[in-house]
Amino acid sequence: MISFEIRAAVTGDEEQLLSVARHLNSVNLPNNRDAIHEIVAESHRSFSGAIQDPRLRQYVFVLVDLTKGGKGAIVGTSMIIAQLGRRGVPYIYFDVLDEEKYSATIDKHFHHTVLRIGYSYNGPTEIGGLVLMPDYRKGTDKLGTMISYVRFLYMAARHDLFQSEILAELMPPLEPDGTSHLWEALGRKFTDMSYAEADLLSKKNKEFIKALFPEGTIYASLLPDDAQRVIGKVGAQTRGVEKLLRRIGFRYAHRVDPFDGGPHFTAHMDEISLVRDTRKAKAGRPLDPSPSDPKGILALEYPEPPYFRAVAASFRDEGQRGVAIAEDAWEHLSLQPLMPIWILPMP
């Protein structure tokens, strides 16, 4: 029996998705009812193709516990933002640079971390919004891996919809109440806004950043120590994500979020191992799997809601006869011989 499914977020998911958002409350997935309704609507229009320009699309995947209630309960999410940085809405970041200074007169040598604001109007695809409810984070089902990996399977399947550079922005160390020391030392002084206010506004309108933030070089050594310490650092809650990203081909780009100093990790689409490992196949037959059969994420696209469905299941490549699929997954996805499927093997 299939207990968990990943599918596209569609109209009607708003309240459950809001409950999940409370565990992250980020720019991509804010704990805000109106914002969540807009995010779900945008995801629905993205998967359906109603948003005709692929660069404007935003895809939300939900992990559903099928054992809860009649239709199951959403217990996790992940997202793909097709493109950051467009005309009027630039991708904004701080480049983190190292500068050396030396005076022969007094024989003093210094290394300075300097920040320089940057803008891109043809920016990368961003992955984000990765949340798994606390009760599901431990166990043998690898649910966190599933909801994270599915984004790369989808990018491999619809390669032409996304940018060649893929970005992941990780959360930096924040105080328990959400305070960002970098924002308090820098951003608040130039905007007179709280971190939460600026974070929410920046989702739709970035004009105030370009208008009010300082241009040129900012010497981090002029900032308080607690602000300096968070620049480019990964918070405890996202260290596992950093480990995953590095394993599949991402690297720290020496760029950070201009609000909180969270590090930006990037990779070229074709360098990401999970994208390379994803393949298109044809369904063969139902399978009574053996322990030696590999397991993976198996996905299908549909012309109607929910547009995309995926499950974890055993499979067996049988050459020209297609790929045999574990019987419970075959029935759950209503597979038929020769139907096209996408497969991403899992460790």
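Going by the structure above, here's the rest.
The structure reproduced in this document is the subject of the present report. (Residues numbered from 1 in each chain as written. Predicted model: local features only at pLDDT ≥ 70, side-chain atom pairs only at ≥ 80, totals over all residues. Heavy atoms only, no water.)

1. A few points about the pairing of strand β5 (residues 108–120)
Put simply, side chains in a regular strand alternate between the two faces of the sheet. Sheet analysis places strand β4 (residues 91–103) next to β5, joined by 13 bridges and oriented antiparallel. Note on β5: the bridge partner recorded for tyrosine 93 is glycine 118. Between the end of β4 and the start of β5, which pair antiparallel, lie 4 residues, with aspartate 107 showing a positive phi angle near 55°. Taken together, the 3 bridges between β5 and strand β8 (residues 217–219) define a ladder with antiparallel strand orientation. Its bridge partner being in β8, valine 114 is matched across the sheet by tyrosine 219. (Pairing = 2+ DSSP bridges. Helix = DSSP H or I, 4+ residues; strand = E, 2+ residues; numbered from the N terminus.)

2. Comments concerning the pattern of salt bridges
Evaluation of the coordinates by the stated rule reveals 12 salt bridges. With its nearest N and O atoms 3.0 Å apart, the salt bridge here joins glutamate 301 to arginine 158. Separated by 143 residues along the polypeptide, glutamate 301 in strand β12 (residues 295–301) and arginine 158 in the loop between α3 (143–157) and β7 (165–169) bring together distant segments of the chain. What makes arginine 158 partly exposed here is its relative accessible area of 27%. Close ionic contact of arginine 285 with glutamate 318 constitutes a salt bridge, the shortest N to O distance being 2.7 Å. Of this pair, arginine 285 sits in strand β11 (residues 279–287) while glutamate 318 sits in the loop between β13 (308–317) and β14 (323–326), and the two are 33 residues apart along the sequence. The exposure class assigned to arginine 285 is partly exposed, which follows from its relative accessible area of 32%. Judged by relative accessible area, glutamate 318 falls into the buried class, the value being 15%. (Salt bridge = Lys/Arg side-chain N within 4 Å of Asp/Glu carboxyl O. Buried < 20%, exposed > 50% of the residue type's maximum accessible area, 1.4 Å probe, protein only.)

3. Remarks on the packing of helix α1 (residues 14–21) against helix α2 (residues 33–48)
Axis separation between α1 and α2 bottoms out at 9 Å; the angle between their running directions is 120°. In terms of axis orientation, α1 runs oblique to α2. In this structure, α1 meets α2 at a crossing whose hand is right-handed. Residue-level inspection shows Glu14, Glu15, Leu17, Leu18 and Ala21 of α1 in contact with α2, the latter providing Arg33, Ile36, His37 and Val40. Residues belonging to the contact of α1 with α2 are distributed by class as follows: 5 nonpolar, 1 polar and 3 charged. (Axes fitted to C-alpha atoms, helices over the stretch in contact; angles between N-to-C directions. Parallel < 35°, antiparallel > 145°, perpendicular 65-115°, else oblique. Left-handed = near helix turned anticlockwise from the far one by under 90°. Contact = heavy atoms within 4.5 Å. Nonpolar A, V, L, I, M, F, W, Y, C, P; charged D, E, K, R; others polar.)

4. Overview of α2
In this model α2 runs 23 Å from its N-terminal to its C-terminal C-alpha over 16 residues, within 8% of the 22 Å that 1.5 Å per residue would give. Considered for burial, the residues of α2 that qualify are Ala35, Ile36, Ile39, Val40, Glu42, Ser43, His44, Ser46 and Phe47. Looking at the buried side of α2, the elements it contacts are β1 (4–8), α1, β2 (58–65), α3 and β13. A distance of 3.2 Å separates the backbone nitrogen of aspartate 34 from a side-chain oxygen at the start of α2, and that oxygen is part of asparagine 32. Looking at the residues trailing α2, positive phi occurs at glycine 49, about 85°. (Expected span 1.5 Å × (residues − 1). Polar contact = N/O pair within 3.5 Å; in protein donor to acceptor, adjacent residues only side chain to side chain.)

5. A word on the pairing of β11
As defined by bridge partners, β11 adjoins strand β15 (residues 340–345) across 4 bridges and the pair is classed as antiparallel. If you follow alanine 281 over to β15, its bridge partner there is isoleucine 341.

6. Structural notes on the nonpolar core
Core analysis: the biggest nonpolar cluster contains 49 residues, and Phe61, Leu63, Phe152, Phe162, Phe250, Ile272 and Phe308 have the highest contact counts within it. Every residue in contact with phenylalanine 162, bar those within four places of it in the chain, is listed here: Tyr59, Ile80, Ala82, Thr125, Tyr154, Met155 and Met269. In terms of nonpolar packing, the next biggest core, distinct from the first, is built from 24 residues, Ile92, Met193, Phe213 and Ile231 among them. (Core = buried A, V, L, I, M, F, W, Y, C linked by side-chain atoms within 4.5 Å.)

7. A short note on the environment of leucine 298
Summarising the element assignment, leucine 298 is placed in strand β12. For the pair leucine 298 and serine 314, spaced 16 residues apart in the sequence, the C-alpha separation amounts to 9.0 Å. When sequence neighbours within four positions are dropped, the list of residues in contact with leucine 298 reads Arg309, Ala310, Val311, Ala313, Phe315, Ile325, Leu333, Trp342 and Ile343.

8. Here we look at the side chain of threonine 125
Turning to its location among the elements, threonine 125 is positioned in strand β6 (residues 125–132). Separated by 2.9 Å, the side chain of threonine 125 and the backbone nitrogen of glutamine 163 make a polar contact. For threonine 125, the residues in contact, after removing those within four places along its chain, are Ile80, Ile81, Ala82, Gln83, Met155, Phe162, Gln163, Glu165, Ile166 and Leu167.

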